[in-house]
Amino acid sequence: ILLKVKKERQNKIMEIQQEISKNLMYNQIGKIYKVLIESITDDGNYYITRSYRDVPEEDGVIFVKYSNLYALNEFAMVEIINALEYDLVGKFID
C-alpha cells in the first residue's frame, strides 16, 4: 500500500510539473533567440537547436524546420512560434 501511495503522489507531482513547464514554454512564444544547430531529427524534417538558456541533457530543445540554407554547428536566429510541454518550436529569421 505504501508503494502505491508513493506512486500516486509522484504521478500527481509530475502532472503539476508538466502544467508549470507548459505555461513557462508558452511564455516564450514570439521571443527571438540565437541558437546553435546541433543535430537533425531522425526523420530529417527538423533541426535540433539550443539557445544560451538550454543546458544539454537538462533542458528542452528548440525544433526548427529543416532548411538547406543552414548547417550543423552554425548559429542562427530563431523566433519561437509554438511550445510543447518541455520543448519549443521555432522558425529561422533573417
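Source: prediction; values computed, not measured. (Residues numbered from 1 in each chain as written. Predicted model: local features only at pLDDT ≥ 70, side-chain atom pairs only at ≥ 80, totals over all residues. Heavy atoms only, no water.)

## Section: the sheet that holds strand E5 (residues 88–93)
Pairing is mixed in the closed barrel, where five strands are placed in the order E1-E2-E3-E5-E4. Averaged over all pairs of adjacent strands, the angle between their axes in this sheet comes to 55°, without regard to strand direction. Direction of pairing for strand E1 (residues 32–40) relative to strand E4 (residues 75–83): antiparallel, over a ladder of five bridges. Looking at E4, one finds that Val35 is bridged to Ala76. (Pairing = 2+ DSSP bridges. Helix = DSSP H or I, 4+ residues; strand = E, 2+ residues; numbered from the N terminus. Axes fitted to C-alpha atoms, helices over the stretch in contact; angles between N-to-C directions.)

## Some words on a nonpolar patch on the surface
Taken together, the side chains of Ile16, Ile20 and Leu24 define a hydrophobic patch exposed on the protein surface, amounting to about 270 Å² of accessible area. Along the chain, Leu24 turns up in helix H1 (residues 2–26). (Patch = residues over 30% accessible without salt bridge, like charges linked within 9 Å, V, L, I, M, F, W, Y side chains within 5 Å. Areas by Shrake-Rupley, 256 points an atom, 1.4 Å probe, with all protein chains shown as cover. Salt bridge = Lys/Arg side-chain N within 4 Å of Asp/Glu carboxyl O.)

## A look at the side chain of Thr41
Looking at where Thr41 falls in the secondary structure, it is placed in the loop between E1 and strand E2 (46–51). Residue Thr41 is classed as buried on the basis of its relative accessible area, which comes to 16%. A polar side-chain atom of Thr41 sits 3.5 Å from the main-chain amide nitrogen of Asn45. Once you skip the residues sitting within four places of it in the chain, Thr41 turns out to touch Tyr46, Ile48 and Phe63. (Buried < 20%, exposed > 50% of the residue type's maximum accessible area, 1.4 Å probe, protein only. Polar contact = N/O pair within 3.5 Å; in protein donor to acceptor, adjacent residues only side chain to side chain. Contact = heavy atoms within 4.5 Å.)

## Some thoughts on unusual backbone geometry
Backbone geometry places Asn73, a non-glycine residue, at a positive phi of 70°. Mapped onto the elements, Asn73 comes out in the loop between strand E3 (62–65) and E4. The exposed category is assigned to Asn73, whose relative accessible area is 62%.

## Brief notes about the pattern of salt bridges
For the structure on display, the rule yields two salt bridges. Linking Lys22 and Glu19 is a salt bridge whose minimum nitrogen-to-oxygen distance equals 3.8 Å. Separated by three residues within a single helix, Lys22 and Glu19 lie in helix H1, roughly one turn from each other. Relative accessible area serves as the criterion here: at 29%, Lys22 is assigned to the partly exposed category. Assessed through its relative accessible area of 40%, Glu19 is described here as partly exposed. Ionic pairing is found between Glu38 and Arg50, a salt bridge with its closest N-O pair at 2.9 Å. In this pair, Glu38 is assigned in strand E1 and Arg50 in strand E2, connecting sequence segments 12 residues apart. The class for Arg50 is buried, based on a relative accessible area of 13%.

## Focus: the pairing of E5
One face of the sheet, then the other: side chains in a regular strand alternate in exactly this way. As paired elements, E3 and E5 share three bridges and run parallel to each other. Within the sheet, the bridge partner assigned to Ile62 lies in E5 and is Leu88. Pairing of E4 with E5 involves six bridges; the strand directions are antiparallel. Bridge pairing in E5 places Met77 opposite Ile93. Linking E4 to E5, which pair antiparallel, is a turn of four residues.

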